[in-house]
Amino acid sequence: MTDFFEFQSKTKILSGRGALLRLPNEIRLLGGSRILLISDETLKKIGMTERIRSILQEENLQIAEIFTDIPTDSSLSVANHIAEICRDRQIDAIIALGGGSVIDTSKGVRMILSQKSDDILKLSGYEGLPAGKGIPLCIIPTTSGTGSEVTGVAVIRDENRNLKMEFISTNIQPDIAVLDPEMTVSMPPKVTAATGMDALCHAVEGYTCLQKNPLSDAYAVTAVRLVSENLVRAVKDGSDTDARIAMANAALMAGISFSNSMVGIVHGIGHALGAVSRVPHGTAMNILLPHCMMYNMDECEKGYADLLLWLAGPEIYAATPESGRAHACVRFIRRLSEQLRAICGLPLTLSEAGVSKADFERIAETSLRDGANLVNPKYVDRDVILSILEKAY
Amino acid sequence: MKKIRRQTARPDRKFRTVKEIMQYIVCAVILKFLYHGLRILYRHDDRVKQDLDRIDRGTTIRLSCSSHGPELKITASEHGIDRCTPRRCRRYLKNTADGSADAKAAESAEKLPDIDIRFKGLAFSFAVFTGQIGIAEAFSGHMMYVNGDFSKIMSLVRCMEQAERYLFPSFMGRRILKKLLPKKISSLRLYASIIFSMILR
């Protein structure tokens, strides 16, 4: 690790009960008047898009267009299509209400509009995107896991090549993130569990990947502590707003951490599992995390040992011999996954998640194209990926 | 007055110090070595061959040492990679009249690359090309940026790491590479082949 690091988190965060009510003022301050609301059909059905509309209307702000036809795994063509609608309707601000797919799509749309492009594929890259025209982007996450509301990363599926493409630039970080427990209380237990494990995975990788730094570390360890204390509570009782807001904060902090320190092999394989076998991202993270930690053990032993303190608490940390702390950390995460399976049926293995062994070669091939493997602390090749998939099956 | 004139003139100069000139020359030479090395390894190391074959034929990639530094513009071809130069472009167009992938690749010498990899400064590329830091470390240390489909260059990056394994002695390789993979040909043979290939050109 070099002594140089870059750190950026420009998103303004509104977190806590009633945060939604502060949204109109923030939109006005950013100069938005013709607003596009991007969400999905489920959220529309349960009245969440209407709730946002009414909050904005109370402050005399109108939504010019609502787009809810976002698939579970959004694609490049969807982003291009929405951008075209935005140009026709002269949209000058975007609000995204939803989970990772909705948020990443909205980032893609904003990217196309601000760069005055016609195809998102032309904007692909790593840190090469100029600032472009300022289009305010406000994110209201309805899950607590991706952390995408604060990251400079968008992962969008390329339907033609069946792989997940990464767009990485500090210029795609959203302007506002609104974390209100009102938006997450209706999240089903299994989704709560999967997204919560995604947040944990971000924090663990954020704490151990190549560009870790003192600032990203601070966010990562707090995120780990919050997940450890609140995930099971939120899964058992979805109406526990304290646990909900703690998990939303955990996901956000893990997002800030990994956005600056990068993610590694868990995401490298996880993206491929999503693209090839359509395993939900959080489920893939839950299955892969302990296996990948074991693979990275010799490079990340100290990092994992440190995390035991935040995962298990000071008593267990102090009672565990120094040489056994890293392995105890992995065991703790395994136990947490088992507990979640017992409560809500979150898959523990690839076979439980419906992955076919016949797809392993394609998953490995797709994973080799993922940039996350490059910045994993330990060397990753096809054989390594196949061996992890076998162990996780 | 003289002082002011000297200060305003400086930013327009390509190089400001002897150190920068040396870095420019070293980077230019190593880019040539890297190019020829990858072409030779394509024939002798199946891992390099597999990785270069993963890049779609005709994809043009530009690797620049800085905004004003030396650069290498290549295209994925039947030889693994080929240089995108006007001369090579003409040769291709002469030999292939059916508009095949190679002809398209040659035509692309004239246009912007599909993927542009650029170091943020000559000092960073010099550090990577002289084995002071690894490519993964340069990526994670924000020393370079990429415009274009990021997924397509992963295999090229792996190839460059494998080439480093051959071009640098093991003690340097251990410092900059995450794993020292076994060599398929000796470094000495590779160096000799590179020099031979450069002379033949």
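Worth saying up front: this structure is predicted, and the values here are computed from it rather than measured.

## So, the overall build of chain B
Looking only at helices and strands, chain B has ten helices and five strands in total. Across chain B, every contact between residues at least 6 apart in sequence was considered, and the portion connecting residues at least 24 apart equals 66%.

## Structural notes on the overall build of chain A
A count of helices and strands for chain A gives 15 helices and nine strands. Relative to the 2.2 N^0.38 estimate, which gives 21 Å for 393 residues, the radius of gyration of chain A is 20 Å and therefore close to what a compact globule would have. Its C-alpha atoms give chain A principal-axis dimensions of roughly 60 × 45 × 40 Å. Counting all 393 residues of chain A, 57% fall into the buried class. The contacts in chain A between residues at least 6 apart in sequence include a share of 80% that link residues at least 24 apart.

## A few points about the interface of chain B and chain A
Taken together, the contact between chain B and chain A spans 17 residues of the former and 22 residues of the latter. Within the residue set of the side of chain B that touches chain A, elements represented by two or more residues are helix H7 (135-140), strand S5 (144-147) and helix H8 (150-167) of chain B. Looking at the side of chain B that touches chain A residue by residue, the classes come out as seven nonpolar, six polar and four charged. Relative to S5 of chain B, strand S5 (residues 125-126) of chain A runs antiparallel, the two being bridged by two bridges. Residue pairing across strands places Tyr126 of chain A opposite Val146 of chain B, the latter belonging to S5 of chain B.

## Concerning the domain arrangement of chain A
All names here are of chain A. If you check the domain split of chain A, you get domain 1 (12-182) and domain 2 (186-392). The distance between the C-alpha centroids of domain 1 and domain 2 comes to 25 Å. Contact with domain 1, which involves 30 residues of that partner, is made by 32 residues of domain 2. Along the lines of polarity and charge, the residues of the side of domain 1 that touches domain 2 split into eleven nonpolar, 13 polar and six charged.

## A word on the pairing of strand S4 (residues 115-119) of chain B
Residue and element names in this part refer to chain B. The buried fraction of S4 amounts to five of the five residues, a majority that puts the element mostly inside the structure. Burial along S4 is two-sided: the residues Ile115, Ile117 and Phe119 and Asp116 and Arg118 are all buried. For strand S1 (residues 60-64) and S4, the ladder comprises four bridges, and the chain directions are parallel. Pairing of Arg62 across the sheet is with Asp116, part of S4. Pairing between S4 and S5: four bridges, direction antiparallel. Counted as the bridge partner of Arg118 is Tyr145 from S5.

## What to know about helix H7 (residues 214-236) of chain A
The terminal C-alpha atoms of H7 of chain A lie 34 Å apart, and with 23 residues this matches the ideal 33 Å at 1.5 Å per residue to within 8%. Remark: the principal bend of H7 of chain A, roughly 40°, maps to Asn230 of chain A.

## Looking at the sheet that holds strand S3 (residues 63-67) of chain A
All names here are of chain A. The strand order across the open sheet built from six strands is S1-S9-S6-S4-S2-S3, with neighbouring strands paired in parallel fashion. This sheet does not close on itself; its edge strands, each paired only once, are strand S1 (12-15) and S3. Across the sheet, the mean angle from the axis of one strand to that of its neighbour is 15°, orientation sign disregarded. For strand S6 (residues 137-141) and strand S9 (residues 176-179), the ladder comprises two bridges, and the chain directions are parallel. Bridged to Cys138 within S9 is Ile176.

## Things to note about the packing of helix H2 (residues 18-44) of chain B against helix H6 (residues 122-129) of chain B
Residue and element names in this part refer to chain B. Across the interface, H2 lies against H6 with an axial gap of 9 Å and an inter-helix angle of 50°. By the criterion of interaxial angle, the relationship of H2 to H6 is oblique. Of the two possible hands of crossing, H2 and H6 adopt the one that is left-handed. Facing H2, whose interface residues are Glu20, Gln23, Tyr24, Val26, Cys27 and Ile30, H6 presents Leu122, Ala123, Ser125, Phe126 and Phe129.

## Brief notes about the nonpolar core
Grouped together as the largest cluster of nonpolar side chains are 182 residues, with contacts concentrated most on Ile94, Ala203, Ala223, Val224, Ala250 and Leu288 of chain A. Counting only domains with at least three residues in this core, you end up with domain 1 (12-182) and domain 2 (186-392) of chain A.

## As for the environment of Gly354 of chain A
Residues and elements named next belong to chain A. With respect to the helices and strands, Gly354 occurs in the loop between helix H12 (325-344) and helix H13 (360-367). Take Gly354: there are 11 C-beta atoms within 10 Å of it, and that puts it in the exposed class. When the C-alpha atoms of Gly354 and Ile140 are compared, they prove to be 31 Å apart, with 214 residues separating the residues in sequence.

## Observations concerning the confidence of the model for chain B
Low-pLDDT stretches of the model should not have their predicted coordinates read in fine detail. Residues and elements named next belong to chain B. Considering every residue of chain B, the mean pLDDT works out to 82; 79% of them sit at 70 or more. Taken together, the stretch residues 1-11 has pLDDT below 50 and engages in one contact with residues farther than four places along the chain or on a different chain. With pTM at 0.89, the complex prediction returns an ipTM value of 0.82.

## Looking at the sheet that holds S5 of chain B
Strand order across the open sheet formed by eight strands is S7(A)-S8(A)-S5(A)-S5(B)-S4(B)-S1(B)-S2(B)-S3(B), with mixed pairing between neighbours. Two strands bound the open sheet, and with one partner strand each, they are strand S7 (153-158) of chain A together with strand S3 (80-83) of chain B. Where S7 of chain A lies against strand S8 (residues 163-168) of chain A, six bridges are found, and the strand directions are antiparallel. Bridge pairing in S8 of chain A places Asp158 of chain A opposite Leu163 of chain A. Seen against the sheet, helix H5 (residues 100-114) of chain A touches S7 and S8 of chain A and runs at an angle of roughly 95° to S7 of chain A.

## Let's talk about unusual backbone geometry
Residues and elements named next belong to chain A. Phi at Asn60 takes a positive value of approximately 60°, unusual for a residue other than glycine. Along the chain, Asn60 falls in the loop between helix H3 (48-58) and S3. The exposed category is assigned to Asn60, around which 8 C-beta atoms lie within 10 Å. Notably, Arg278 is not glycine yet its phi reads approximately 55°, a positive angle. By the element assignment, Arg278 lies in the loop between helix H9 (265-277) and helix H10 (281-312).

## Digging into the pairing of S7 of chain A
In terms of burial, S7 of chain A is largely enclosed, as five of its six residues are buried. Hairpin connection, S7 of chain A to S8 of chain A: the antiparallel pair is bridged by four residues, and Asn162 of chain A has positive phi, about 55°.

## So, the environment of Arg87 of chain A
Residue and element names in this part refer to chain A. With respect to the helices and strands, the residue Arg87 is situated in helix H4 (residues 76-89). What makes Arg87 partly exposed here is the crowd of 13 C-beta atoms within 10 Å. Distance in space between the C-alpha atoms of Arg87 and Leu273 is 34 Å, their sequence separation being 186 residues.

## Topic: the packing of H13 of chain A against helix H15 (residues 382-392) of chain A
Residue and element names in this part refer to chain A. Running from N to C, H13 and H15 point in directions that differ by 130°, and their axes come no closer than 9 Å. On the basis of their axis angle, the class for H13 and H15 is oblique. Here H13 runs over H15; the crossing is right-handed. Contact residues: Phe360, Ile363, Ala364 and Ser367 in H13; Arg382, Ile385, Leu386 and Leu389 in H15. The residue makeup of the contact of H13 with H15, split by class, is six nonpolar, one polar and one charged.

Rules of the game
- Residues numbered from 1 in each chain as written.
- Chains lettered and ligands numbered in written order.
- Predicted model: local features only at pLDDT ≥ 70, side-chain atom pairs only at ≥ 80, totals over all residues.
- Helix = DSSP H or I, 4+ residues; strand = E, 2+ residues; numbered from the N terminus.
- Contact = placed C-beta atoms within 7 Å.
- Rg over C-alpha atoms; globule rule 2.2 N^0.38 Å.
- Buried ≥ 20, exposed ≤ 12 C-beta atoms within 10 Å, placed from the backbone.
- Nonpolar A, V, L, I, M, F, W, Y, C, P; charged D, E, K, R; others polar.
- Pairing = 2+ DSSP bridges.
- Domains from an automatic or database assignment.
- Expected span 1.5 Å × (residues − 1).
- Bend = angle between axes of the 7 residues up to and from the residue.
- Axes fitted to C-alpha atoms, helices over the stretch in contact; angles between N-to-C directions.
- Parallel < 35°, antiparallel > 145°, perpendicular 65-115°, else oblique.
- Left-handed = near helix turned anticlockwise from the far one by under 90°.
- Core = buried A, V, L, I, M, F, W, Y, C linked by C-beta atoms within 7 Å.
- pLDDT = per-residue confidence, 0-100.

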